[in-house]
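One-letter residues, chain by chain:
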Amino acid sequence: MTARSYEEACAGHRWEVPERYNIAADVCDRHPREQLAMIHEHHAGAVREVSWGELQDLANQAAHVLASLGVERGDRVAVVLPPTPETAALFFATWKLGALLLSMSVLYGDDGIRHRMQDSEPRVLVTDAANAGRFPDGLVPARLVLGERTFDGVPTRFETLDTAADDPAQLYYTSGTTGLAKGIVHAHRYLLGHQEFEYCHDLQPGERFHGMGEWAWAAGICPLLGPWRLGAVQCVYQREAGFDPRKQLAFLSRHGVTNVFGTPTAIRSMMSIGDARTRYPQRFRIVCSAGEPLNPEAIRWFREQYDVTVLDYYGLTESYPLCGNFPFMEVREGSMGRPMPGYDVALLDQDEREVAPGERGEICLRARSNPHYPLGYWRLPKESEETFGGEWFHTKDAARMDDAGYIWYEGRSDDVIIAAGYRIGPFEVESACLEHPAVAEAAVVASPDARRGHVVKAFVVLAAGHEPADELAEEIKAFVRERLSAYAYPRLVEFVDALPKTLTGKIRRVELRERELSRTQSQR
């Protein structure tokens, strides 16, 4: 989909959602068998090219195996596997049977997996030998340990179940910052709402694409399915452990990837590589980022290294992307862009009235206005009605819209810091901190203060080559004060080894706030 301007993209947009729709039929079954689907690289170095014919056969075999274990329409299939062609085939197999996919990261802790399993009650758990020992007997009715010979002799023909576009297909659990994770149920149609791969990524058939997110949440699974739906070739890297920016850039360079989806955490980690351009030359055409706002300095670093402006877009597991930056529109660094074509997004006050340009409001989406809108929370009808049943879906994210319609993120609504009567958004303070060469990561919260009510406190992870010191803390304070204002700079700076984060890499400011509250209470 090519547009010459934002206005043209919005004017030409139409939602086309058929009554009958199945993700597997659309994304997997319809591709020519000889066409390349995936280039998979194992961390040990083995590279495997997979055609659509091979992947279609694997998906049909997996559907037969799941059916033999009792999986039927409406059942849940839990998957705890690394990213491989067989894992993708199991995803498709689940949808072929009309079941719901619950994919979980191998990085989840045992408690996190147990909660999701007990809450969702899957019919089958599929895992591998490396992870099988984590799941005690009795946790699930059937367990399949995937091996090299699992699909040997299994028929390669299977008729995909006819499903309605509104039938449930996907169960995601929110990473959240408080409480137990809640399951969010999406229908098959939700994939049709992921038009960021057309508007932001401008994907072309046969283009080599890579998504850095894990296949366990929306920012990992949708960048797998969306590009495939448009005919892209998925370049998949099976990492040995956590994210290594050097190995990641080397992988992208080896395979000539031209279109990339990266998380802000991953992109920021690359900034430690000063000679990325010469050490890891790339063929990037489009690079996008989502999950949390990407700081302006990360955008500038990527442009300096690879002559590409990272296009940031925004949304939540419940519905995304709500807004974004596009190749046909000027990028204003630090902005989340403008509302996605087809998404009715507004900044509202507490009475659900639209705020004026420049005023702070909550990012809201008009309910049931796009195919991505969820069916609700899993087995939580009251919470579903409260969250999704009204006229607007409230993201609880605060932002301002400028006169040109660009949206500027200011943090979670409950992250706002009120200090001496001033309202301070943590994101702008964190971005200013990150401009300092000694700062690798920063998180800003309110710290109780007897005189001002609260003051701004920054938790700082130092870049390599820098050591904690009172002088450095004062330098960072002055640095931010000069760039922001006399009231929005951090009056307190604490150096830490790491910031608490969710599994998707989002900073858990709530944990830092609670830590500050406990600290100040203990000092009284």
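Before reading further, recall that the structure is shown in the block above.
A quick note: this is a predicted structure, and the numbers were derived from the prediction, not measured.

*Asks:* Looking at this structure, how should I read the pairing of strand β10 (residues 233-238)?
*Replies:* As a general feature of sheets, a regular strand has side chains that alternate between the two faces. Burial analysis of β10 places six of its six residues in the buried class, which makes it a mostly covered element. Burial of the side chains of β10 extends over both faces: Val233, Cys235 and Tyr237 are buried on one face and Gln234, Val236 and Gln238 on the other. Sheet topology note: the strand β1 (residues 36-42)/β10 ladder contains five bridges and is parallel. The residue of β10 that forms the bridge with Glu41 is Tyr237. The sheet contact formed by strand β9 (residues 208-211) and β10 spans two bridges and is parallel. Within the sheet, the bridge partner assigned to Phe209 lies in β10 and is Gln234. Handedness of the β-α-β unit built from β9, helix α8 (residues 218-229) and β10 comes out right-handed.

*Asks:* Explain helix α9 (residues 245-254) here, please?
*Replies:* Residues spaced three or four apart along an α-helix face the same direction, because each turn holds 3.6 residues. The complete set of buried residues in α9 reads Pro245, Gln248, Leu249, Ala250, Phe251 and Leu252. For α9, the N-terminal cap is Asp244; the gap from its side-chain oxygen to the backbone nitrogen of Arg246 is 2.9 Å.

*Asks:* When you look at the side chain of Asn295 in this model, what are you seeing that I'm missing?
*Replies:* Within the fold, Asn295 resides in the loop between β12 (286-289) and α12 (296-306). Reaching out from Asn295, the side chain makes a polar contact with the side chain of Ser431 at a distance of 2.9 Å. Look past the residues within four positions of Asn295 in its chain and what remains in contact with it is Arg268, Phe427, Ser431 and Leu434.

*Asks:* When you look at the nonpolar core in this model, what are you seeing that I'm missing?
*Replies:* Generally speaking, soluble globular proteins have nonpolar side chains that are buried together. If you look at the biggest cluster of nonpolar residues, it comprises 112 residues, and the most contacted ones within it are Ile23, Leu66, Phe92, Trp95, Leu225, Trp228 and Ile363. Other than its neighbours up to four places away in sequence, Ile23 contacts Cys28, Trp95, Ala169, His188, Tyr190, Leu191 and Leu225. Listed in part, the 27 residues of the second largest apolar core include Ile39, Val257, Ala298 and Ile299.

*Asks:* Would you explain the sheet that holds strand β15 (residues 338-339) in this entry?
*Replies:* Two pairing modes exist for strands in a sheet, parallel and antiparallel, and in both the strands are linked by backbone hydrogen bonds. Spatially, nine strands are ordered β2-β1-β10-β9-β11-β12-β13-β14-β15 in an open sheet, and the strand pairing comes out mixed. The two strands at the open ends of the sheet, each matched to only one other strand, are β2 (47-51) and β15. In this structure, strand β11 (residues 259-262) lies alongside β12, joined through four bridges in parallel fashion. In the sheet register, Phe261 faces β12, and the bridge partner there is Cys288. Its contacts with the sheet put helix α3 (residues 52-68) on β1 and β2, and the angle it makes with β2 is roughly 80°.

Definitions and limits used
- Residues numbered from 1 in each chain as written.
- Predicted model: local features only at pLDDT ≥ 70, side-chain atom pairs only at ≥ 80, totals over all residues.
- Heavy atoms only, no water.
- Buried < 20%, exposed > 50% of the residue type's maximum accessible area, 1.4 Å probe, protein only.
- Helix = DSSP H or I, 4+ residues; strand = E, 2+ residues; numbered from the N terminus.
- Pairing = 2+ DSSP bridges.
- Right-handed = clockwise from strand over helix to strand, strands pointing away.
- Polar contact = N/O pair within 3.5 Å; in protein donor to acceptor, adjacent residues only side chain to side chain.
- Contact = heavy atoms within 4.5 Å.
- Core = buried A, V, L, I, M, F, W, Y, C linked by side-chain atoms within 4.5 Å.
- Axes fitted to C-alpha atoms, helices over the stretch in contact; angles between N-to-C directions.

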